[in-house]
Amino acid sequence: MQNDKRNLLEFIIFPAVMGSALLCAWLGFTSFSLSPALSASLTVLIFGFILIPVLERLFPYRDDWNKNDRDVATDIMHLLINIAVTALEKPILIALLITVTVALSNAFGSSLWPNHLPLVAQLGLMLVIAEFGRYWIHFAAHKVPLLWRLHANHHSPNRLYYLNAARFHPIEKVLFQLPEVIPFILLGTNIETISMYLVFNTLHGLFQHSNIRIRLGILNYIFSMSELHRWHHSKIIDESDRNFGNNLIIWDIVFGTFFYPKDRKVTEVGLNNPDYPKSYAGQLIAPFAKRDISKPIDWSKPED
């Protein structure tokens, strides 16, 4: 009976938490007069940075992944710096959003975004559109050596836990945000939909990298959740060069990079480069080092 309850919990944790978070964010700006941005931020803080770490302790996927690997301080620095980078972008994006919205209104009489649709449908549309661009930038980050030098930061942890979601070089962070920003500025997407996307995208990323026993079953063919994303962090390049999806896995299925072995679990994660720095400062300059320390994931594999 106890095992049955645990198995059921593994299936419901993600949809229950995500559904509750989206509902709370929606109620915040529809019933409690909060701004959509504030409502989204409070929701992410409570459900993402308070609840998910607790769930990692209560239902760990691997006990050893709950042990500090000299990475917590580095990940916190990545989180804070990337929040600052995003904050610096906001005034520019807001000014651009106003300019484009006015131009589109003059040309078409209204924005091109389907504001008449239910908010949940608008969120789904935004996820699909943003995912297409994110997929190809992520794919390129694994295939183009210069971009891989930046992306190696994200693959450097030797364990997966929720704060790994923030480990991006700030230059790459900007590149990855472009498909999540530009299409929706051009389309004139409303702030309510963007705020709901922020909640989903942030919580999904934290869950995706979390050390929580989560199983999604058939939902693994929709969402790029932890069961799939752990393979993307594998040290084996044939496994890690798959599952590029950020929130959704649909484009991996379409373009043939979907990977979901059900008969085994991922073993080691990270880079096969023992010299890759663990400090934030070291990771910040690593992509520009004269000696290439951002080797392909299987750099130590003997050549044929």
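Not measured: the values here are computed from a predicted model.

**Q** What am I meant to see in the overall build of the chain here?
**A** Each helix and strand in the chain was counted, giving 11 helices and 0 strands. Starting at the N terminus, the α and β elements of the chain follow one another as α-α-α-α-α-α-α-α-α-α-α. Looking at the 304 residues of the chain, the share that counts as buried comes to 48%. Summarising the internal contacts of the chain: among those between residues at least 6 apart in sequence, 76% fall at separations of at least 24. As displayed, the chain offers around 14900 Å² of accessible surface, 69% of which is attributable to carbon and sulfur atoms.

**Q** What should I look at first to understand helix H7 (residues 191–208) in this one?
**A** The α-helix advances 3.6 residues per turn, and as a result positions three or four apart in sequence lie on the same side. Taking 1.5 Å per residue as the helical rise, H7 with its 18 residues ought to reach 26 Å, and the 25 Å between its terminal C-alpha atoms agrees with that figure. Where burial is concerned, most of H7 is hidden: 13 out of the 18 residues are buried.

**Q** Can you help me understand the pattern of salt bridges in this one?
**A** Pairs can form between side chains of opposite charge once their charged atoms are near each other. For the structure on display, the rule yields 10 salt bridges. Measuring nitrogen to oxygen at the nearest pair gives 2.9 Å for the salt bridge that ties Arg215 to Glu10. In this pair, Arg215 sits in the loop between H7 and helix H8 (226–232) while Glu10 sits in helix H1 (residues 2–30), placing the two residues 205 residues apart along the sequence. By relative accessible area, Glu10 is classed as buried at 12%. Close ionic contact of Asp71 with Arg159 constitutes a salt bridge, the shortest N to O distance being 2.9 Å. Linking Asp71 in the loop between helix H2 (36–58) and helix H3 (72–108) with Arg159 in the loop between helix H5 (145–155) and helix H6 (170–187), this pair joins segments that are 88 residues apart in sequence. You can call Asp71 buried: its relative accessible area is 3%. Linked by salt bridges that have partners in common, Glu10, Arg213 and Arg215 make up one network.

What counts as what
- Residues numbered from 1 in each chain as written.
- Predicted model: local features only at pLDDT ≥ 70, side-chain atom pairs only at ≥ 80, totals over all residues.
- Heavy atoms only, no water.
- Helix = DSSP H or I, 4+ residues; strand = E, 2+ residues; numbered from the N terminus.
- Buried < 20%, exposed > 50% of the residue type's maximum accessible area, 1.4 Å probe, protein only.
- Contact = heavy atoms within 4.5 Å.
- Areas by Shrake-Rupley, 256 points an atom, 1.4 Å probe, with all protein chains shown as cover.
- Expected span 1.5 Å × (residues − 1).
- Salt bridge = Lys/Arg side-chain N within 4 Å of Asp/Glu carboxyl O.

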